[in-house]
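If you want the building blocks of each chain, they are given just below.
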Amino acid sequence: MQRLSFSRLRAYLAADLFRYEGRVSAKAFVKHFLFTPGFNYTVWLRACVWAKSGGAAKLFYPLLKWRLLHSRYKYGIAIAERTAIGPGLFINRFGGIYVHHDVVIGCNVNITHGTMLGYMNRGPREGSPIIGDEVFFGSGAKAIGKVHIGNRAAIGVNAVVTKDVPDNGVAVGLPAKVIGNDGSDGYINKTASPAMIERTGWSAFRPQMERQAGGDHRDMAPV
């Protein structure tokens, strides 16, 4: 789990907020914190990461963790704070969202209701998915096991991904198969800029998390 200073916590939340509003301001923060379940959950999630980073912040962890669990049961979003998630997370609607804590999620990713990123307990794909940047998950999409979903890929409604998806791939079906290379173009909007991402320290942290997850998996057979 990435250790966050308060300034990096603010940088993450600014990048996340930009995905919803296209700007960063106190008014926009309050609006989406109060009325957008996905952003509300993300705030508590990032705050828990900050609190677990040590120092005086750890005093706030029990309260923040309780509040995160409250939002989990209220909105049906189960993403643990130990999950490695890049800046610019966008949770579109809510309900039925589950992400295993070993998953690595890149920058500017869209997660829609019903999405599951799960762990496979056995076989050559034992492990959890690694998700690239600017990936779009349609309603009910699933990715299971040690698979790599490339940058700007799009996973269709109710698709079940059990093998790698290349950059810009469009995967649909059960099991999912790549049917095009238009990727997530048109589905990922108001992305956090490289400067916003750099302020979070994510670029230096991500390779470490991918190594712990077993590499980027791209040496395995694609869909």
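Residues numbered from 1 in each chain as written. Predicted model: local features only at pLDDT ≥ 70, side-chain atom pairs only at ≥ 80, totals over all residues. Heavy atoms only, no water.

With respect to the environment of Phe 6
Next up, step 1: Structurally, Phe 6 can be placed in helix H1 (residues 6-21).
Next up, step 2: Sequence separation between Phe 6 and Trp 50 is 44 residues, and the spatial gap between their C-alpha atoms is 6.9 Å. (Helix = DSSP H or I, 4+ residues; strand = E, 2+ residues; numbered from the N terminus.)

Re the packing of aromatic side chains
Next up, step 1: All chains considered together, the criterion is met by 10 aromatic pairs.
Next up, step 2: With centroids separated by 5.8 Å and ring planes inclined at 10 degrees, the aromatic side chains of Phe 29 and Phe 33 adopt a geometry described as stacked. Taken as a pair, Phe 29 and Phe 33 lie in helix H2 (residues 26-35) at a separation of four residues, close to a single helical turn.
Next up, step 3: Note on Phe 29: relative accessible area 29%, which makes it partly exposed.
Next up, step 4: An aromatic cluster is defined as three or more aromatic residues linked by ring pairs; in this entry it consists of Tyr 20, Phe 29, Phe 33, Phe 39, Trp 44 and Phe 90. (Phe/Tyr/Trp six-rings, centres within 6.5 Å; stacked < 30°, edge-to-face > 60°. Buried < 20%, exposed > 50% of the residue type's maximum accessible area, 1.4 Å probe, protein only.)

Points about the layout of surface pockets
Next up, step 1: Taken as a whole, the largest pocket encloses approximately 270 Å³ of empty space.
Next up, step 2: Residue lining of the largest pocket: 15 residues in total, with Phe 6, Leu 9, Arg 10, Leu 13 and Phe 29 positioned closest to the centre.
Next up, step 3: Counting residues per element, the ones that place at least two in the lining of the largest pocket are H1, H2 and helix H3 (37-51).
Next up, step 4: Ranked by residues supplied to the lining of the largest pocket, first place goes to H1 with six residues. (1 Å grid on protein atoms, 1.4 Å probe; cavity = no way out; pocket = protein on both sides within 12 Å on 5 of 7 lines; lining within 4 Å. Points joined across faces, edges and corners; volume = space filled by probe spheres on them.)

Overview of the sheet that holds strand E5 (residues 104-105)
Next up, step 1: Pairing is parallel in the open sheet, where four strands are placed in the order E2-E5-E8-E11. Pairing within the sheet leaves two strands with one partner each, and these edge strands are strand E2 (84-85) and strand E11 (148-149).
Next up, step 2: Inspection of the sheet shows E5 paired to strand E8 (residues 130-131) by two bridges, in the parallel sense. Within the sheet, the bridge partner assigned to Ile 105 lies in E8 and is Ile 131. (Pairing = 2+ DSSP bridges.)

A closer look at the side chain of Arg 46
Next up, step 1: As for its placement among the helices and strands, Arg 46 is situated in helix H3.
Next up, step 2: Setting aside its immediate chain neighbours within four residues, Arg 46 contacts Leu 4, Leu 9, Tyr 12, Leu 13, Asp 16, Ile 85, Gly 86, Pro 87, Gly 88 and Leu 89. (Contact = heavy atoms within 4.5 Å.)

Some details on the pattern of salt bridges
Next up, step 1: Enumeration according to the criterion identifies seven salt bridges in this entry.
Next up, step 2: One salt bridge in this structure joins Glu 81 and Lys 65, with 2.9 Å as the shortest N-O distance. You can see Glu 81 sitting in the loop between strand E1 (77-79) and E2 and its partner Lys 65 sitting in helix H4 (residues 61-75), a full 16 residues away along the chain.
Next up, step 3: Its relative accessible area of 21% is what places Lys 65 among the partly exposed residues.
Next up, step 4: A single salt-bridge network, built from bridges that share partners, covers Glu 21, Arg 23 and Lys 31. (Salt bridge = Lys/Arg side-chain N within 4 Å of Asp/Glu carboxyl O.)

A few points about a nonpolar patch on the surface
Next up, step 1: A grouping of Val 30, Leu 34 and Phe 35 is seen on the molecular surface, where their side chains present a nonpolar patch of about 340 Å² in accessible area.
Next up, step 2: Mapped onto the secondary structure, Leu 34 falls in helix H2.
Next up, step 3: Judged by its relative accessible area of 52%, Leu 34 is exposed. (Patch = residues over 30% accessible without salt bridge, like charges linked within 9 Å, V, L, I, M, F, W, Y side chains within 5 Å. Areas by Shrake-Rupley, 256 points an atom, 1.4 Å probe, with all protein chains shown as cover.)

Here's the deal with H1
Next up, step 1: With 16 residues, H1 should cover 22 Å at 1.5 Å per step; its first-to-last C-alpha distance of 22 Å lies within 8% of that length.
Next up, step 2: When H1 is considered as a whole, its buried residues turn out to be Leu 9, Ala 11, Tyr 12, Leu 13, Ala 14, Ala 15, Asp 16, Leu 17, Arg 19, Tyr 20 and Glu 21. (Expected span 1.5 Å × (residues − 1).)

A closer look at the packing of H2 against H3
Next up, step 1: The contact between H2 and H3 brings their axes to 6 Å, and the two run at 100 degrees. Considering the angle they form, H2 stands roughly perpendicular to H3. Residues Phe 29, His 32, Phe 33 and Phe 35 of H2 form the contact with H3, whose participating residues are Pro 37, Phe 39, Asn 40, Val 43 and Trp 44.
Next up, step 2: Of the residues assigned to the contact of H2 with H3, the class counts are seven nonpolar, two polar and no charged. (Axes fitted to C-alpha atoms, helices over the stretch in contact; angles between N-to-C directions. Parallel < 35°, antiparallel > 145°, perpendicular 65-115°, else oblique. Nonpolar A, V, L, I, M, F, W, Y, C, P; charged D, E, K, R; others polar.)

Details of the environment of Thr 191
Next up, step 1: Relative to the elements of secondary structure, Thr 191 occurs in the loop between strand E15 (177-180) and helix H5 (194-200).
Next up, step 2: Given a relative accessible area of 29%, Thr 191 falls into the partly exposed group.
Next up, step 3: Apart from the residues within four sequence positions on either side, Thr 191 is in contact with Phe 18, Arg 19, Asn 108 and Glu 134.

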